[in-house]
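Architecture at a glance
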Amino acid sequence: MPYNSIFSTKSLIENYRGLCVVVKQKLNACLTVSFKNRRQYRYTKPSTLRIFSLMTKPMIKKHSKAPMSAIEALQTRSSSPRLTEPGPSPQSLTYICKSALRAADHGMIRPWRFLIVEGDSREKLGELFLKASLTKSPNLKPQQKEIIKTKALRAPTIIIAIANPQDHPKVPIIEQEYSAAAAVQNMSLAAFALGIGSVWRTGAFAYDAIVHEGLGLNKDEKIIGFLYIGTRSSAAKPFVELDTTDYFKAW
Ligand SMILES: Cc1cc2nc3c(=O)[nH]c(=O)nc-3n(C[C@H](O)[C@H](O)[C@H](O)COP(=O)(O)O)c2cc1C
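Here goes a summary of the coordinates provided. Everything numeric in this text was worked out from a predicted model, so none of it was measured. (Residues numbered from 1 in each chain as written. Predicted model: local features only at pLDDT ≥ 70, side-chain atom pairs only at ≥ 80, totals over all residues.)

The next point concerns the overall build of the protein. A count of helices and strands for the protein gives 12 helices and five strands. Within the protein, buried positions represent 29% of all 251 residues. Across the protein, the fraction of contacts at a sequence separation of at least 24, relative to all contacts at a separation of at least 6, is 82%. (Helix = DSSP H or I, 4+ residues; strand = E, 2+ residues; numbered from the N terminus. Buried ≥ 20, exposed ≤ 12 C-beta atoms within 10 Å, placed from the backbone. Contact = placed C-beta atoms within 7 Å.)

In structure tokens, the structure reads:
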């Protein structure tokens, strides 16, 4: 997304979080900023810049390490099971999607594809979950039906990661599925580094034939995960720092 478009008032609000990252980048002048973007920054009106710094000050303080270093994100990532609006800005979503595409990929097969479910499409997904549930349990009560439908409303943005394996003489299907899983982890890490919450879920719907059909999967494809993305609505649970020596041994 060009920086000049996020400098408009409307998208300033929409891209609040993304902006914080961008402004922090500018203020620290520590990350790669293209020549074009530098020019746009230089030509931004001083008053606009003052508004940015006022708006981003609390966020920068809260996420004082935003954008978080890769090492910090890798060592501290946690899931956000409770998510709310707003979803990621278009720019943040692009960063998240691009991170998926750098997953390790034996043979460069690109054995994955992704569906982004946002807005009203989430209601369609909820209906699909319900259809799948009714096939197995036709006598669901109205309340149970509602609970099932709202599963698709648990976050403003859902990315459905699909393993799309190809026949390959050297790369077995399982490795291609690992690659799709690595893509989900990359997205989760990218979101976390941007200060955006996410949680990787599967559950019965990920393996349901009706859900697969409704989402347009072919017979070889698998759902690797639903990555729910949004604003963390509860405090991060403290994670237990594991001891490397319990899991890594010299051999
Ligand atoms: C393949 C896969 C599927 C998962 N499915 C679910 C799920 O359906 N529901 C859930 O609560 N957590 C699920 N998780 C676990 C969460 O994403 C998360 O990792 C877990 O709650 C631990 O939290 P943490 O990531 O903050 O350590 C899944 C994880 C993986 C790797």
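Picking up where we left off.
With that settled, the discussion passes to the site of the ligand. Taken together, Ser-78, Ser-79, Val-199, Trp-200, Arg-201, Thr-202, Gly-203, Gly-225 and Phe-239 make up the full set of residues adjacent to the ligand. Here the shell around the ligand takes three residues from strand E4 (residues 197-201), the largest share from any one element. Here the shell around the ligand is composed, by residue class, of three nonpolar, five polar and one charged. (Near = placed C-beta within 6 Å. Nonpolar A, V, L, I, M, F, W, Y, C, P; charged D, E, K, R; others polar.)

Along the chain, Glu-85 connects to Pro-86 via a cis peptide bond; the corresponding omega equals -5 degrees. Backbone geometry places Met-108, a non-glycine residue, at a positive phi of 50 degrees. Structurally, Met-108 is set in the loop between helix H7 (90-100) and strand E2 (112-118). For Arg-110, which is not a glycine, the phi torsion comes out positive at approximately 55 degrees.

Axis separation between helix H8 (residues 121-136) and helix H9 (residues 142-150) bottoms out at 7 Å; the angle between their running directions is 130 degrees. Classified by the angle their axes make, H8 and H9 are oblique. You can see that H8 and H9 cross each other, and the crossing is right-handed. When H8 is examined against H9, the residues Gly-126, Glu-127, Phe-129, Leu-130 and Ser-133 are found in contact with a partner set consisting of Lys-145, Ile-148, Lys-149 and Thr-150. Partitioned by chemical class, the residues of the contact of H8 with H9 number three nonpolar, three polar and three charged. (Axes fitted to C-alpha atoms, helices over the stretch in contact; angles between N-to-C directions. Parallel < 35°, antiparallel > 145°, perpendicular 65-115°, else oblique. Left-handed = near helix turned anticlockwise from the far one by under 90°.)

For the rest of this paragraph, the subject is the packing of H7 against helix H10 (residues 173-193). For any two helices packed against each other, the geometry is given by the interaxial angle and the distance between the axes. In the contact formed by H7 and H10, the axes pass within 7 Å of each other and the chain directions differ by 145 degrees. As for how H7 packs across H10, the hand of that crossing is right-handed. For the pair H7 and H10, contact is made by Tyr-95, Ile-96, Ser-99 and Ala-100 and by Ala-183, Asn-186, Met-187, Leu-189, Ala-190 and Ala-191, respectively. Each residue belonging to the contact of H7 with H10 can be placed in one class, and the counts come to eight nonpolar, two polar and no charged.

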